[in-house]
Each structure stands twice: as C-alpha cells, then as structure tokens.
Amino acid sequence: MSARDLRELSDPDLASALASGEVAALGELYDRYGSLAFAVAVRVVGDAGRAEDVVQEAFLKVWRSAARFDAQRGSLRGWLLACVRNRAIDSLRGRGAHEQAELELQPELVATGSGSDPWREVSRSLERSAIQEALSSLPAEQRQAIELAYYGGYTYSEIAEMSRVPLSTVKGRARLALEKLHSYLVGRGMVSDAV
Amino acid sequence: MRSEHEVMEDAVAAYLLGAGEPGEAETVRAHLTGCASCRELAARLSRAAAALPLAVEEAAPPGRLRERILAAASAEAPHASAPSPHLPASAPLRLPRRPALVNKRGSERWLPLAAAAVALLAVGVAGGIGVSRATAPNVAAAHYSLNGSGSLQGAAASVVDFRGTGTTLVEFRGLPAAPAGKVYELWLIPNGAKPIAAGVFSPDADGSKVLVLPRDLGGISVMAVTVEQGPAGATQPTQQPELSGSLA
C-alpha cells in the first residue's frame, strides 16, 4: 500500500494495516500522532530524552498488539495515548502500567480520526482548544486532582497527602471533574451522550 | 455516610485515571461486569478521561525518533499471524517511496540491532572488506560495498543485510552535496528486472548518511545510487549510476 493510500485510511483501517505487519502503516500512525504522543510523554516525564524512549515503547506496543485492537471498543488514538501515558508513568514512578485497561474504554471524540491531513490539523486544533477551555473552567482543586492523577501518576492517597485533604475529598473532586468535563464535551458535541 | 456503591463509583473514576490503589483495578473490573449503572458511569467518564491528553500542545519529536521506531519494528516484522484486508500475509513488505528510515550517524539513541549493525559496519570498513560476505556472531549478516566513479569517485557505501530480520543498513561516506534541486536516489536492482526505488536522501554535511531499509536483499543483484530531481526522485533511474556494487 502506498504512503498516499495509507494517508487516506481511517484509524480503524490503519489498525488493520498495522496488524498485517505493514511497517509503513506504523510510519503513518507516527505521522498522525507522533507529535501528540511525544508531547504527552514530555508532559509526564519532563525530559525529552526519556520521552523518546517512552514514545518508542508505546508505538512498538501498538505495533505488536495491533491484531488485538477492536474499533468497537475504543479508538486507535486513545489506545496509543493510553500506552504513552502508562509507560511514561512507569518510567517516572516505576509503577506497573494498567495494560489491561489500555484496550478498554478508550473512546474517540467525535471530531477526529479520519479525513485528510489539513482537516486533521484544523480539527485537532479546535479540539485541543475546547478541551483546554473545559479544563480551565473547572475549579482549581478539581483540575489539580485529575492532572496529578493522569499526568503525575499519583494515586488518590498520594494526592490526598500532598494536598492535605481527606482521601474522600480527593475522590469526590476527581469524579466531579470528570463528570463536568464529560458534560462540557457533550455540550460541544465532541462526545456522544449515548452509552 | 457514603454508600458502598458511591464508594465504588469513585473507584471507577480512579480506575479510569489510573489512580487507584494497588489491587483496586481488579475489584473495579469485577464490579463493572455485574453493575450496569457503574458501566454507564465508566462509559461516560472514560470519554472525559480520554480527552485529557488531547489538551496538550503538540511538540515535534526529534527526527531520529521516527527512524528508531520504524527500524525497531522492521527488525521485528513480520509479526502478524492474522490475514489482513490490506496486505496478504504472504506478500512482501513494500519499500517506502522515501527513506523513512534514515538515521544520522552517531545518533545517541540507536536501537540495539542498529547499534550492532553500525558496529558491524565499522568492523567491515576497518577490515577493508570489498564485495564480500561475513557472518557476525549471533546475527547472520551479509556485507557488501558500493564504490563510486566519475563525479562520485570519492564516495563509497557499506551495506549490511541482516538476514532473517528484514533489515538492511546502508552507510554512505564521501558523498558530495547533490546539485541544487536534486537528491540522491537508492535503487535495488533484481536479476533481470526493473530497478526498485528504495528512497531518496541527501547526505549530511560531512558526506555521510545511514539508511535503514525495512527489507533484506534477497533477489537483489545490484544496489546503485543516481542523482535525480528532488524532492521526490524518479520512478526509474534517469542516468547511469556512479555509485554501485554487486550483491552477488
């Protein structure tokens, strides 16, 4: 399959090409999400060199396991980013990643995942702005709770200790933050409300 | 006092954020199988959790990272057992039109196989190997060399085909910069068949370049380089190669 053909593939079809062992498909996946994956890794580990290792591990994980990918259960991008995040946390804190969860519950937002490069760029930029806006609309302590958990790899207990608040408070804040974020994304038409 | 179910709902959020206590994930997964309302909650909150990494401003990774990843994948391929709707399992991997797998020599983050390959190349060069074969310990590798003539008189390349891994390294040295608007193009020429374009490249300032090809050299009898119109190169050579070598 030519590079041009690969560029036209939807993410689920790209996953099939990956599963077939087509190395060029991995290149296409990298071209689509390499910058985002690297940015997430840097955000977590805080070091570009370490982030490179994390991103490589994550892409190779997807490459090796692509045959297990099921588009009905989640998105390719979500899976890749979950792999990046978990490996980054492993690298940062020496904690076992949650591999079983990587292939589960990684829904795709409505606005992305297919289309030509220019469309992807515009779409992603709008999507990023909307999510940043949603996060900034959260009360600071709620935002901090989910950011410490997601990007810092801290458990709720650790966040409670750092924040000097009861564990139950942290749990409530994080859940509320996700609930509000979800409502915001539904309101913007970025995710489906259907279960 | 919070109910047991409310406690579990908080645990679902923790699970989705990867922030649960050790062992909690298994409890949550078990609970989700039997609790429809928590499954609905998980479906909702997972959409929010999946959005978190998308808020990060993208950052361009170093160019070498793509090369590293693809070279590592090439060394593992083929890995799939399931037939693909796009490419039959028995079909050969196609070479990329461009040298997607190009690495600057001296990169500090080579994958082990590539590092071994560079070491092998170094041994081959130091030993003055011409068109010859050698087998390295643990890795079956065939070595070849390309020699320049005419305007590329001072140029040469060492080639290592890692048999069985689907990876070939080509290390160029002494290459002058291509004329303005032109690029070098690498060709793999099978016996009695048309040349196969294996990618375009430009040498580094010191005249060196390392290409990693995601294939072996089975069935290829000659490797050659021509100067072609940039940036995409040509589909077939437009001139006699001035840098080439036999793989026989």
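The rules behind the values
- Residues numbered from 1 in each chain as written.
- Chains lettered and ligands numbered in written order.
- Predicted model: local features only at pLDDT ≥ 70, side-chain atom pairs only at ≥ 80, totals over all residues.
- Helix = DSSP H or I, 4+ residues; strand = E, 2+ residues; numbered from the N terminus.
- Buried ≥ 20, exposed ≤ 12 C-beta atoms within 10 Å, placed from the backbone.
- Contact = placed C-beta atoms within 7 Å.
- pLDDT = per-residue confidence, 0-100.
- Expected span 1.5 Å × (residues − 1).
- Core = buried A, V, L, I, M, F, W, Y, C linked by C-beta atoms within 7 Å.
- Nonpolar A, V, L, I, M, F, W, Y, C, P; charged D, E, K, R; others polar.
- Pairing = 2+ DSSP bridges.

What follows deals with the overall build of chain B. Counting secondary structure elements, chain B contains five helices and nine strands. Reading chain B from its N end, one meets helices and strands in the order α-α-α-α-β-α-β-β-β-β-β-β-β-β. Per-residue burial over chain B gives 44% buried out of 248 residues. In chain B, the share of contacts with a sequence separation of at least 24, taken over all contacts with a separation of at least 6, comes to 61%.

With that settled, the discussion passes to the confidence of the model for chain B. Residue and element names in this part refer to chain B. Per-residue confidence for chain B gives a mean pLDDT of 74; residues scoring 70 or more make up 73%. This model gives residues 80-139 a pLDDT under 50, and the stretch forms 118 contacts once residues within four places in sequence are excluded. Scored by ipTM, the complex comes to 0.84, with pTM at 0.58.

What follows covers helix H1 (residues 4-17) of chain B. Since the α-helix turns once every 3.6 residues, residues separated by three or four places project in the same direction. Helix length check: H1 of chain B, at 14 residues, gives a terminal C-alpha distance of 20 Å against a target of 20 Å (1.5 Å per residue), a fit within 8%. Among the residues of H1 of chain B, Glu9, Asp10, Ala11, Val12, Ala13, Ala14, Tyr15, Leu16 and Leu17 of chain B are the ones counted as buried. Where H1 of chain B is buried, its residues touch helix H8 (140-150), helix H9 (156-163) and helix H10 (167-187) of chain A together with helix H2 (24-34) and helix H3 (36-51) of chain B. Where H1 of chain B terminates, the next one or two residues include Gly18 of chain B, which has phi positive at roughly 65°.

Core analysis: the largest hydrophobic core is formed by 120 residues, its most contacted members being Leu18, Leu26, Ala37, Ala41, Val84 and Ala174 of chain A. In terms of residues, this core owes the most to one element, helix H3 (residues 23-45) of chain A, which gives 16 residues. Residue contacts for Ala174 of chain A: discarding those within four places in its chain leaves Ala145, Ile146, Ala149 and Tyr156 of chain A together with Ala13, Ala14 and Leu17 of chain B.

Another aspect to go through is helix H4 (residues 48-65) of chain A. Relative to the 26 Å expected for 18 residues at 1.5 Å per residue, H4 of chain A spans 26 Å between its end C-alpha atoms, a close match to the ideal helical length. Those residues of H4 of chain A that are buried lie in contact with helix H2 (11-19), H3 and helix H5 (76-93) of chain A together with helix H4 (63-76) of chain B.

A separate point is the environment of Thr169 of chain A. Assignment of secondary structure puts Thr169 of chain A in helix H10. Once the C-alpha coordinates of Thr169 of chain A and Tyr156 of chain A are considered, the two residues, 13 residues apart in sequence, prove to be 9.5 Å apart.

Bringing the interface of chain B and chain A into the picture now. If you look at the interface, chain B gives 58 residues, while chain A gives 63 residues. If you list the elements that add at least two residues to the side of chain B that touches chain A, you get H1, H3 and H4 of chain B. Per-element accounting of the side of chain B that touches chain A gives the leading share, eleven residues, to H3 of chain B. Among the residues forming the side of chain B that touches chain A, the class breakdown is 38 nonpolar, seven polar and 13 charged.

Now for the pairing of strand E5 (residues 182-190) of chain B. Residues and elements named next belong to chain B. In the sheet, E5 pairs with strand E8 (residues 220-229) via nine bridges, with the strands oriented antiparallel. Directly across from Tyr184, in E8, lies its bridge partner Val227. Pairing of E5 with strand E6 (residues 196-201), which is carried by five bridges, proceeds in the antiparallel orientation. What sits directly across from Leu186, in E6, is Gly199. Hairpin connection of E5 to E6: five residues between the antiparallel strands, including Gly192 at a positive phi of 65°.

What follows covers the environment of Gln236 of chain B. Residue and element names in this part refer to chain B. Within the fold, Gln236 resides in the loop between E8 and strand E9 (243-246). Between the alpha carbons of Gln236 and Thr226 there is a distance of 10.0 Å; along the sequence they are ten residues apart. Excluding residues within four positions of it along the chain, Gln236 makes contact with Lys194 and Pro195.

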